[in-house]
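Listed below, chain by chain, are the residues.
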Amino acid sequence: MFSNQLLFLMTVIGMAVAEVPSYIHVCGRKDPKLDECVINSVKSLRDKLRDGIPELDIPPVEPLKMSKVELIDTPSFKATATDIILRGLLTYHVNFLHVDLKKQQIDIDVYFEENKLDAHFNITAQILVPIVGKGPISLVAKNVAAKANLNFKLVDHAGKKYVFFPSMTTNLDVKNYDLKFEAENFDNSLHDAISQALGNSRQEILDAVKPNLEKVISETVLSMANKIGKHFTYDELLPDRE
């Protein structure tokens, strides 16, 4: 934790604070509708995040790339996804958001219209006969709900305060999904056997994928929030006014 704060402070040192750009809605700390103001600010960033914000060192969020996720890991069936591309993070809609300035935390409830995960898979299974296969895989989930808790701290530097986000927890609620794959080295009978095995393991796949997606979403949001926070002071982002 201390090392993260130190890294943040070192980044801030020597950085000239620029004027807050118009696409970031500035909300007053005493605004009786602070939550609503922050929601509008979050919404206003959607289009900017799609292409990235170079002046704030934020790369494009659509799509988001991941290296590896364990899909299934049982004695009889193992499946690993690599070279993952996740789309749909910017289809978010904010159901609820609350900023607690005293507790220094933000609670948010959102849902995503559609999330799509494309990747390459490697499968090792024991279905009548040993099977080893690989190929492209696609997973599509609609109306994914997410609840998140984002914690922040105020860090002093040169007489000014900056916002630093040390941690975030995300909880995804995926009701259902469609899964398709193409096997590069299976005949039709093996393909059908794998399809049946995947169909029978839908909950196991969800249980395995969810923590990894939650982690990468939290890491992505933390990275973006801290990149914004390091460019502007607390009083610039949340001035002491209505």
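Check the entry above for the structure.
A few points on the structure. For clarity, every value in this text was computed on a predicted model and none was experimentally measured.

This next bit is on the overall build of the chain. Of the regular secondary structure elements, the chain holds six helices and seven strands. Expressed as a percentage of the 242 residues in the chain, the buried residues total 44%. Long-range contacts, defined here as pairs at least 24 residues apart, represent 68% of the contacts in the chain between residues at least 6 apart. When the accessible surface of the chain is totalled, it reaches about 13,400 Å², and 53% of it is carbon and sulfur.

Let's shift gears to unusual backbone geometry. The omega torsion of the bond from Glu 62 to Pro 63 falls at 0 degrees, within 30 degrees of zero and hence cis. Position of Pro 63 among the secondary structure elements: in the loop between helix H3 (46-51) and strand S1 (64-73). The backbone phi angle of Asp 83 is positive, close to 50 degrees, even though this residue is not glycine. The residue Asp 83 is located in strand S2 (residues 77-87) in this model. Phi at Asn 143 is positive, roughly 50 degrees, even though this residue is not glycine. Within the element layout of this structure, Asn 143 appears in strand S5 (residues 129-157).

So, on to the pattern of salt bridges. A full pass over the atoms with the stated rule returns nine salt bridges. Between Lys 230 and Asp 57 there is a salt bridge, with the nearest N and O atoms lying 3.7 Å from each other. On the criterion of sequence distance, the pair formed by Lys 230 in the loop between helix H5 (202-229) and helix H6 (234-237) and Asp 57 in the loop between H3 and S1 is long-range, its members being 173 residues apart. A relative accessible area of 14% places Lys 230 in the buried class. Among the residues examined, Asp 57 registers a relative accessible area of 39% and is labelled partly exposed. Here the salt bridges do not stand alone but share partners, grouping Arg 29, Lys 30, Asp 235 and Asp 240 into one network.

Once that is clear, we can look at the packing of aromatic side chains. What characterises a pair of aromatic rings is the spacing of the ring centres plus the angle enclosed by the ring planes. Enumeration according to the criterion identifies one aromatic pair in this entry. The ring of Tyr 92 carries the charged tip of Arg 46 above its face, separated from the ring centre by 4.3 Å. Of note, Lys 48 hangs over the ring of Tyr 23, and the distance from its end group to the ring centre comes to 4.6 Å.

Our focus in this paragraph is the state of the cysteines. Counted by the stated rule, this structure contains one disulfide. In this model Cys 27 forms its disulfide with Cys 37; the gap between the sulfur atoms is 2.1 Å. One disulfide, between Cys 27 and Cys 37, carries an S-S torsion of -90 degrees and so falls in the left-handed class. Taken as a pair, Cys 27 in the loop between helix H1 (2-12) and helix H2 (34-44) and Cys 37 in helix H2 lie far apart in primary sequence, ten residues in all. Cys 37 sits in the buried class, given a relative accessible area of 16%.

Turning to H2, its buried residues number three or more, namely Leu 34, Cys 37, Val 38, Ile 39 and Ser 41. Contacts made by the buried residues of H2 are with strand S3 (92-100).

The next thing to look at is the nonpolar core. In terms of nonpolar packing, the biggest core is built from 66 residues, with Ile 24, Leu 49, Leu 56, Leu 97, Leu 117 and Phe 165 touching the most fellow members. Looking at which element gives the most residues to this core, the answer is H5, with ten residues. Dropping the residues within four chain positions of it, Leu 97 is found in contact with Asp 35, Val 38, Ile 39, Val 42, Ile 106, Asp 107 and Ile 108.

Attention shifts here to the environment of Lys 103. The residue Lys 103 is located in the loop between S3 and strand S4 (105-127) in this model. Under the relative-accessibility criterion, Lys 103 is labelled exposed at 60%. Sequence separation between Lys 103 and Phe 152 is 49 residues, and the spatial gap between their C-alpha atoms is 8.9 Å.

What counts, and at which threshold
Residue numbering note: each chain is counted from 1, following its sequence as written. Where totals are concerned, whole chains, interfaces and linings use all residues; where local detail is concerned, this predicted model gives features only for residues with pLDDT of at least 70, and gives and counts side-chain atom pairs only at 80 or more. Heavy atoms throughout the structure, all of them, feed into the side-chain values; hydrogens and water do not. Secondary structure elements follow DSSP: runs of H or I of four or more residues count as helices, runs of E of two or more count as strands, with numbering from the N terminus. Exposure is judged per residue with a 1.4 Å probe applied to protein chains only, and the accessible area is read against the type maximum: over 50% gives exposed, under 20% gives buried, and values in between give partly exposed. Contacts were defined at the residue level, with two residues in contact if any of their heavy atoms lie within 4.5 Å. Every accessible area reported is derived by Shrake-Rupley at a probe size of 1.4 Å, with residue values counting cover from the shown protein chains alone. Put simply, a salt bridge is a Lys or Arg side-chain nitrogen that is within 4 Å of an Asp or Glu carboxyl oxygen. Pairing of aromatic side chains requires ring centres within 6.5 Å, counting the rings of Phe and Tyr and the six-membered ring of Trp. Pairs whose planes differ by under 30 degrees are stacked, by over 60 edge-to-face, and all others tilted. A positively charged side chain is recorded as over a ring if its NZ (Lys) or CZ (Arg) lies within 6 Å of the ring centre. The angle to the ring normal must also be within 35 degrees. A pair of sulfur atoms, both from cysteines and within 2.5 Å, is called a disulfide here. To define a nonpolar core, start from buried Ala, Val, Leu, Ile, Met, Phe, Trp, Tyr and Cys residues and group those joined through side-chain atoms within 4.5 Å.

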